[in-house]
Amino acid sequence: MRLKDKIAVITGGSTGIGLASAKRFAAEGAKVYITGRRQAALDAAVSEIGNGARGLQGDVAKLEDLDRIFETIRDEVGHIDVLFANAGIGLLAPLGEITPEHFDELFNINVRGMVFTVQKGLPLMGKGGAIILTGSTTGVMGTPAFSVYSAGKAAIRNFARSWALDLKGTGIRVNVISPGPTETPALSEVARSTGNKDAMYDGLISMTPLGRIADASETAAAALFLASEDSSFMTGSEVFVDGGAAQV
Ligand SMILES: NC(=O)c1ccc[n+]([C@@H]2O[C@H](COP(=O)([O-])OP(=O)(O)OC[C@H]3O[C@@H](n4cnc5c(N)ncnc54)[C@H](OP(=O)(O)O)[C@@H]3O)[C@@H](O)[C@H]2O)c1
């Protein structure tokens, strides 16, 4: 019970890595708040997570949604121990086909949404608090047709470095978890959008020393480590859960 009686908030907690982490955190004793845009997906997830989990509908790109979510959490439980800013989307566009809409959608959700999630959640956090940001292996690699997404993930990496300094003296830690290819609705959708899902999966598997796509529960195990006292002397760090893909 590494998160016994802790309050954990996971944005984008209704599917994929966020949901797997919510289930793992709840199994370790946390009361988990998950967020996402689709109410039906939140409802389904809450019934899977258990341990008093709550779903709060909202879009991280909308500041008023973030305000409402954190006000609700403040009114219900008064504080946050673990803030996992995980919500994100993946979209492909090669150089030459990057539109302002593509750029804005990715940066508004993945970067701006992450920044204001943390800034608005921070007043509810205190000594011993853990902030986790979801990065990606693509933040340290080049990936064809994925430059805007990847640049956003590289930005997330730096926010953790700089925020570790801004948080000096607070007892609050901030770290990045960077998954490699992980079986989730998002990966499946990005692969499908290439027109040849199997070829993309084969390519990802071939560049991964462990020779497979991750299960989201494996990412959740590392998120649990960053959320708990097991990582008590880590801040500003990046933990890769990538089967070695970005390490070789
Ligand atoms: N899967 C991978 O291979 C992989 C690899 C590296 C990094 N990542 C990162 O891991 C994180 C989770 O992705 P995933 O693969 O688990 O995808 P996923 O299964 O599609 O889950 C994404 C979650 O985020 C929510 N979400 C998306 N846009 C949102 C918004 N604007 N506001 C609030 N919630 C939003 C989704 O719910 P709604 O759609 O209902 O809003 C869902 O709960 C992302 O940051 C992604 O970039 C994934």
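Predicted model, so just to flag it, every value in this text is computed and none were measured.

### Section: the overall build of the chain
Regarding its fold elements, the chain presents 8 helices and 9 strands. Taken over the C-alpha trace, the chain has a radius of gyration of 17 Å; the compact-globule value for 248 residues is 18 Å, and the two agree within 12%. For the chain, the spread of C-alpha atoms along the three principal axes comes to 45 × 35 × 35 Å. Counting every position in the chain, which comprises 248 residues, the buried fraction comes to 50%. Sequence separation of at least 24 residues holds for 68% of the intrachain contacts in the chain that already meet a minimum separation of 6. Summed over its atoms, the accessible surface of the chain is roughly 11100 Å², and 54% of this surface lies on carbon and sulfur atoms. In the chain, 23 positive and 27 negative side-chain charges are present, and the distance between their average locations comes to 5 Å.

### Focus: the UniProt feature "domain: Ketoreductase" (unreviewed entry) in the chain
Mapped onto this numbering, the UniProt entry gives "domain: Ketoreductase" (unreviewed entry) at residues 6-180. Along residues 6-180 the backbone is 46% helical and 18% strand, and the end-to-end C-alpha distance reaches 28 Å.

### Here's the deal with the environment of Ala 44
Residue position: Ala 44 is located in helix H2 (residues 39-49). Judged by its relative accessible area of 43%, Ala 44 falls in the partly exposed class. Between the C-alpha atoms of Ala 44 and Trp 163, which are 119 residues apart in sequence, the distance is 34 Å.

### So, the packing of helix H1 (residues 16-27) against helix H8 (residues 216-227)
Where H1 meets H8, the closest approach of the two axes is 8 Å, and the angle between their N-to-C directions is 55°. If you check the angle between H1 and H8, you find them oblique. Considering the relative orientation of H1 and H8, their crossing is right-handed. On the side of H1, the interface is formed by Gly 16, Ile 17, Ala 20, Ser 21, Arg 24 and Phe 25, while H8 contributes Ala 216, Ser 217, Thr 219, Ala 220, Ala 221, Ala 223, Leu 224 and Ala 227. For the contact of H1 with H8, a count of residues per class yields 9 nonpolar, 4 polar and 1 charged.

### Structural notes on the pattern of salt bridges
Evaluated as defined, the whole model comprises 12 salt bridges. Notably, a salt bridge pairs Asp 75 with Arg 74, separated by 3.5 Å at the nearest N-O pair. For Glu 238, the salt bridge is made with Arg 157, and the minimal N-O distance between the two is 3.1 Å. Of this pair, Glu 238 sits in strand E9 (residues 238-241) while Arg 157 is found in helix H5 (residues 147-166), placing the two residues 81 residues apart along the sequence.

### A short note on the sheet that holds strand E2 (residues 31-36)
What the 7 strands build is an open sheet, ordered E3-E2-E1-E4-E5-E6-E9; its pairing is parallel. Two strands close off the open sheet at either side, each with one partner strand: strand E3 (54-57) and E9. Strand-to-strand twist of the sheet, defined as the mean angle between neighbouring strand axes without regard to direction, takes the value 20°. As paired strands, strand E6 (residues 173-179) and E9 are joined by 4 bridges and run parallel to one another. Bridge pairing in E9 places Ser 178 opposite Phe 240.

### Thoughts on H2
Among the residues making up H2, those that are buried are Ala 41, Leu 42, Ala 45 and Ile 49. End-on view of H2: buried residues confined to an arc of 100°, all on one side of the axis. Opposite the buried face of H2, by more than 90 degrees, sit the exposed residues Ala 40 and Ser 47. Lining the buried residues of H2 we find H1, E2 and E3.

### Description of the site of the ligand
The full set close to the ligand counts 30 residues, and Ser 14, Arg 37, Arg 38, Tyr 149 and Thr 184 are the nearest of them. One of the side-chain N or O atoms of Arg 38 is found 2.7 Å from an oxygen atom in the ligand. About the coverage of the ligand: the protein hides 94% of its 880 Å² of free accessible area. Taken together, the elements giving at least two residues each to the shell around the ligand come down to H1, H5 and helix H6 (185-193). With 3 residues, H6 is the single largest residue contributor to the shell around the ligand. Residue classes in the shell around the ligand are distributed as 11 nonpolar, 15 polar and 4 charged.

Thresholds, definitions, all that
- Residues numbered from 1 in each chain as written.
- Predicted model: local features only at pLDDT ≥ 70, side-chain atom pairs only at ≥ 80, totals over all residues.
- Heavy atoms only, no water.
- Helix = DSSP H or I, 4+ residues; strand = E, 2+ residues; numbered from the N terminus.
- Rg over C-alpha atoms; globule rule 2.2 N^0.38 Å.
- Buried < 20%, exposed > 50% of the residue type's maximum accessible area, 1.4 Å probe, protein only.
- Contact = heavy atoms within 4.5 Å.
- Areas by Shrake-Rupley, 256 points an atom, 1.4 Å probe, with all protein chains shown as cover.
- Lys, Arg positive; Asp, Glu negative; His and termini not counted.
- Charge placed at Lys NZ, Arg CZ, Asp CG, Glu CD.
- UniProt positions renumbered as here; feature names shortened; annotations may be inferred.
- Axes fitted to C-alpha atoms, helices over the stretch in contact; angles between N-to-C directions.
- Parallel < 35°, antiparallel > 145°, perpendicular 65-115°, else oblique.
- Left-handed = near helix turned anticlockwise from the far one by under 90°.
- Nonpolar A, V, L, I, M, F, W, Y, C, P; charged D, E, K, R; others polar.
- Salt bridge = Lys/Arg side-chain N within 4 Å of Asp/Glu carboxyl O.
- Pairing = 2+ DSSP bridges.
- Arc of directions from axis to C-beta.
- Near = heavy atom within 4 Å.
- Polar contact = N/O pair within 3.5 Å; in protein donor to acceptor, adjacent residues only side chain to side chain.

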